[in-house]
Amino acid sequence: MENENKVSYAEVVVDVPATPTDRPFDYRIPTTLQDAVQVGSRVQVPFGSQRRIGYVTRIKSNCDFSRVRSIIQVMDVMPPLTEELVELGDWIADEYMCHRISALQAMVPAVLRGKYQKLVSLTENAQAADFSASPSLYTRLKKSSLDWEEVCKLPDVRLSWLREWVQQGKIQIEMKIHDRVTEKKVRYVSAIEPSQLLQIISTLPERNKKQRQILQFFIDKPEPIPLKQLLIEVNTTRSTITKCVEENWLFWEERQENRNPYANVEILQTKPLLLTKEQQLVYSQIERNLFTPHSETILLHGVTGSGKTELYLQAIAKVLDKQQEAIVLVPEISLTPQMVERFKGRFGDQVAVLHSGLSHGEKYDEWRKIREGHCSVAIGARSAIFAPFTRLGLIIIDEEHESSYKQEDHPKYHARAVAQWRAKHHGATLLLGSATPAMESYYQAENGEYRLLELSERVQGRPFPAIELVDMRNELRQGNRSMFSKSLQRELQRCIERGEQAVLFLNRRGFSTFVMCRACGETIDCPHCEITLTYHRTNDTLRCHYCGYATQLPSTCPKCESPHIRHFGTGTQRVEEELLRHFPQWRIIRMDVDTTTRKGSHQKLLGAFGRHEADILLGTQMIAKGLDFPLVTLVGVITADTMLHLPDFRSAERTFQLLTQVSGRAGRHQQPGKVVIQSYSLDHYSIRRVADQNWSEFYKEEYDTRKKLLYPPFCGLVQLLFTHPDQIKLLQITGQIAGELRSALGQQIQILGPVPAMIPRIKDRYRIQILLKFPEEVELIGQIKKKLREIQERSNDKHLRIIIDRDGHFHIPEKLYI
DNA sequence: GAAGCTCACGTT
DNA sequence: ACGTGAGCTTCC
């Protein structure tokens, strides 16, 4: 090769999310790693006095830096990131103002995010006498090496002493990079030549029956077999096999195996269904789009039950025909096993499934199938948008209005925006599907930015369910103080008497299991985060939802010392209790955070309900999505209003979407469905329109409201969140920033705040927010970002963190609600 | 993010 | 003169 002795260099973005390190560093690529290092590779590099993980973002043949060091190691056989994803990382970092490394980390499976461990150990020339000042350290290190953190915690240890001992060569400090990548190993058993086995059998005494049987097994089938399977087939125990291994007749063999979470699930192959006339019309439009070289976004607005999924499946089949790949995003996929089954049923092993119910290892294996080109369809929740495909032809976002497509923590990307970028990059089609599109999506469609396709008929002419609104104020007036209206009770009874099933839906606000003193009303908050602690029944502890702080449940109130301190059970629990009081004979399955934390418990509970092992499924938001059970003919909503009054400009839209979705769960098959919605706000258009099942009327009313109050899509809305460990300093800085923004951009931008963020402190960092509202036609984001970068640089306060939230999916504090 | 440096302050 | 902790720079 010509460039054999030519040195090349790599630009590496190092795993340190801080402003001064938010740029590539140059490293020499050792000749031995020449082939292995590529753009997107995950590498280990020396960084100062430490070792760190980083990603290669560029490869070049020269380097200006005089003291370059070399890459130590490449960590994966295949680079985890493609060149496209590295480029996408730049876009995300810029768009959401985050460090480049954070953007890159967001795109890879969790196991690839390295864990660092600092280990302290004694060297050979360490003597007990050297540690006369800290005998405890010596005795403990004598036994084994210790974690740095633990060493620092020892009472008789000083940092400076440690430093000195390192210099004297008495102790050593190692940085271990734990690669959390684990590949599942399966133990196989193999055997020596059959002819030799035959010989051995002939020498074995008659009474070694099992051993003879095992050897005979390998004579018949000489190929290696998983140990587990062998034990079953010859009906023996592990120790008998071990014996044979010790005799050198058989051998252990470790084989790497992909975990397959769906290995034990039998999935029936399905054939494309015949499309209705309306579906056919829509499909031909989508298909035409798949063959245009440039990217286009399609908004598919189809009523519940109009057969959107079948269209997705057929569009994907077309894409696969063209040797291209497809991503399907669904909200919270673990909750919709039926959906996965449909995809697996149509495309079999070509489908990789990435959902939150999988372990980190399982997720990694699914992801690798994509990276290594063994799969062409990825189906998953939000983060599946980063599936490392190289020939993307189609991206589908089902239920595109769902808020779960917005990443809650930094970088706060919206999967829809990322999808748009990727679709454009590949010239692929982006298909957004929903029965209740997001306001901004529909607005884009009306403006001709998206192509709008509509499905207004249900397949097989199934009727829409009948929706009954119940005014709960009336119930109270009539002396019914239960949480079940007369009407809902009656419907439940009828439904169950008919041998059908019901779903009860409790729309709950916030975190429900908290502790309160009944005497003085005191609640117990996290000392670092100013958020109410959540009660955990399992070990009687209180935990912080944000930082993990845990404490024992006190027996008396810390404020007034009253013993009447109680935790308030989850809403669903109370509903269940009341139901059982009225109707003790009903079988109820309750689904909420308490009953579904264990892996696979979702499927278990849903499975049981599907087999009609219960009459009623009772749950929160989580049961709203994608359930499809033929026997369900009744859906009840206990209180429709809880969501309506959240301080969020989207609350009306969210309520409508949620209620529509829940209603869609009733009567999807032969029996007609019935929906009972209980509410205290019957006059609100969002609840009215659900009952009418009139989306376009809702859209009009919401459109007018947004326009009048100036909210998206009629304005740009950006939330700036500033965090700092020092409250006073943060107040000063944010005040200054607001002033500066006002004088620089105040003409065009409305600046609201600064005010304390919804959670004013998390992990000992105070949080203040400023909201920016501006006319949508002006592209001001660029100017805002420029100004912020300027401020951050000038303030020179490395404790100050600025987080920008661009897609308007955040709560607006009541103070700012206009 | 964290090691390693400088610098100011306090101790012997 | 030296130990100690706090702030600041640097990392290729």
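The shown structure was predicted, so the numbers you read here are calculated from the model rather than taken from an experiment. (Residues numbered from 1 in each chain as written. Chains lettered and ligands numbered in written order. Predicted model: local features only at pLDDT ≥ 70, side-chain atom pairs only at ≥ 80, totals over all residues. Heavy atoms only, no water.)

Peer 1: Would you mind going over the domain arrangement of chain A in detail, with residue names and values included?
Peer 2: By domain assignment, chain A separates into domain 1 (2-112), domain 2 (115-178), domain 3 (193-248), domain 4 (277-461), domain 5 (466-511 + 570-706) and domain 6 (716-816). The contact between domain 4 and domain 5 buries some 2100 Å² in all, and 57% of this surface belongs to carbon and sulfur atoms. Viewed at the interface, domain 5 and domain 4 are joined by one salt bridge. For Glu440, the salt bridge identified is with Arg650, shortest N-O distance 3.2 Å. Summed over the shared surface of domain 4 and domain 5, the number is four residue pairs in polar contact (both at pLDDT 80 or more). Top element by residues in the side of domain 4 that touches domain 5 is helix H15 (residues 439-446). It accounts for five residues. Looking at side-chain class alone, the side of domain 4 that touches domain 5 contains nine nonpolar, 10 polar and six charged residues. (Domains from an automatic or database assignment. Buried area = accessible area lost by both parts, 1.4 Å probe. Salt bridge = Lys/Arg side-chain N within 4 Å of Asp/Glu carboxyl O. Polar contact = N/O pair within 3.5 Å; in protein donor to acceptor, adjacent residues only side chain to side chain. Helix = DSSP H or I, 4+ residues; strand = E, 2+ residues; numbered from the N terminus. Nonpolar A, V, L, I, M, F, W, Y, C, P; charged D, E, K, R; others polar.)

Peer 1: Before we move on, can you summarise the sheet that holds strand E14 (residues 325-329) with the specific residues and values?
Peer 2: The sheet built from seven strands is open, its strands ordered E15-E16-E14-E17-E18-E13-E19 with parallel pairing. Only two strands of the sheet have a single neighbouring strand rather than two, namely strand E15 (351-354) and strand E19 (451-455). With strand direction ignored, the average angle separating the axes of adjacent strands in the sheet is 15 degrees. With five bridges joining them, E14 and strand E17 (residues 392-398) adopt parallel strand pairing. Residue Ala326 lies in a different strand from E17, and its bridge partner there is Leu394. Against the sheet, helix H14 (residues 415-426) contacts strand E13 (296-302), E14, E17 and strand E18 (429-434), and its axis sits at roughly 160 degrees relative to E17. Those strands touched by H15 are E13, E18 and E19, and its axis lies near 115 degrees from that of E13. (Pairing = 2+ DSSP bridges. Axes fitted to C-alpha atoms, helices over the stretch in contact; angles between N-to-C directions. Contact = heavy atoms within 4.5 Å.)

Peer 1: Provide a residue-level description of helix H11 (residues 308-321), including the pertinent values.
Peer 2: In this model, H11 (14 residues) spans 20 Å end to end at C-alpha, consistent with the 20 Å of a helix rising 1.5 Å per residue. The buried count for H11 comes to 11 of 14 residues, which makes it a mostly enclosed element. Residues of H11 that are buried: Lys308, Thr309, Glu310, Leu311, Tyr312, Leu313, Gln314, Ala315, Ile316, Val319 and Leu320. Following H11 by one or two positions, Gln323 adopts a phi angle in the positive range, close to 65 degrees. (Expected span 1.5 Å × (residues − 1). Buried < 20%, exposed > 50% of the residue type's maximum accessible area, 1.4 Å probe, protein only.)

Peer 1: If you had to explain the protein's contact with DNA strand C to someone new, which residues and values would you point to?
Peer 2: In the neighbourhood of DNA strand C, 14 residues make up the surrounding shell, with Asp26, Phe47, Gly48, Arg69 and Ser160 lying closest. If you look at DNA strand C and keep only atoms within 4 Å of the protein, 48% of those are sugar or phosphate atoms. Here Arg23 contributes a side-chain N or O atom positioned 3.4 Å from a base nitrogen of DNA strand C. The contact in question runs from a phosphate oxygen of DNA strand C to an N or O atom on the side chain of Arg69, over 2.3 Å. Within the residue set of the surface near DNA strand C, elements represented by two or more residues are strand E2 (25-29) and strand E3 (42-47). (Near = heavy atom within 4 Å.)

Peer 1: Help me get a handle on the protein's contact with DNA strand B, residues and values and all.
Peer 2: In the vicinity of DNA strand B, the contacting residues are Val16, Ala18, Pro20, Thr21, Phe47, Ser49, Gln50 and Lys118. In DNA strand B, atoms within 4 Å of the protein come 64% from sugar and phosphate. The separation between a sugar or linking oxygen of DNA strand B and a polar side-chain atom of Ser49 is 2.7 Å. A distance of 3.3 Å separates a sugar or linking oxygen of DNA strand B from a polar side-chain atom of Gln50. Among the residues making up the surface near DNA strand B, the classes are represented as four nonpolar, three polar and one charged.

Peer 1: Got a sec to walk through the sheet that holds strand E9 (residues 171-178)? Specific residues and values, please.
Peer 2: On the basis of which strands lie adjacent, the open sheet formed by three strands has the order E8-E7-E9 and antiparallel pairing. Across the chains shown, the open sheet's two edge strands, defined by having one partner strand only, are strand E8 (146-147) and E9. Direction of pairing for strand E7 (residues 115-122) relative to E8: antiparallel, over a ladder of two bridges. Counted as the bridge partner of Val120 is Leu146 from E8. The sheet strands contacting helix H3 (residues 135-143) are E7, E8 and E9, and the helix crosses E7 at an angle near 110 degrees.

Peer 1: Now, about the packing of aromatic side chains: what can you tell me, with residues and values included?
Peer 2: This model, assessed by the stated rule, comprises 18 aromatic pairs. Where Phe583 meets Trp586, the ring centres are 4.0 Å apart and the plane angle is 10 degrees; that geometry is what we call stacked. Among the residues examined, Phe583 registers a relative accessible area of 10% and is labelled buried. Judged by relative accessible area, which is 7%, Trp586 ranks as buried. (Phe/Tyr/Trp six-rings, centres within 6.5 Å; stacked < 30°, edge-to-face > 60°.)

Peer 1: An account of helix H20 (residues 601-610) is needed here, citing residue identities and associated values.
Peer 2: Looking only at H20, the buried set comprises Ser601, His602, Leu605, Leu606, Ala608 and Phe609. Burial along H20 is one-sided: seen end-on, the buried residues are contained in an arc of 155 degrees. (Arc of directions from axis to C-beta.)

Peer 1: So what about the UniProt feature "binding site: Zn(2+) 2" (unreviewed entry) in chain A? Which residues, and what values?
Peer 2: Mapped onto the present numbering, the UniProt feature "binding site: Zn(2+) 2" (unreviewed entry) falls at Cys526, Cys529, Cys544 and Cys547. Relative to the assigned elements, Cys544 resides in the loop between strand E24 (541-543) and strand E25 (550-552). (UniProt positions renumbered as here; feature names shortened; annotations may be inferred.)

Peer 1: Break down unusual backbone geometry for me, citing the residues and quoting the values.
Peer 2: A negative phi holds for most residues other than glycine; trans holds for most peptide bonds. Note the cis peptide between His410 and Pro411, where omega equals -5 degrees. Looking along the chain, the bond that leaves Pro712 and enters Pro713 is cis, with omega of 5 degrees. Within the element layout of this structure, Pro713 appears in the loop between helix H23 (695-709) and strand E31 (715-724). Phi angles above zero are rare outside glycine, and Gln693 is one such case at about 55 degrees. The topology assignment puts Gln693 in the loop between helix H22 (685-692) and H23. On the basis of relative accessibility, which here comes to 35%, the residue Gln693 falls in the partly exposed class.

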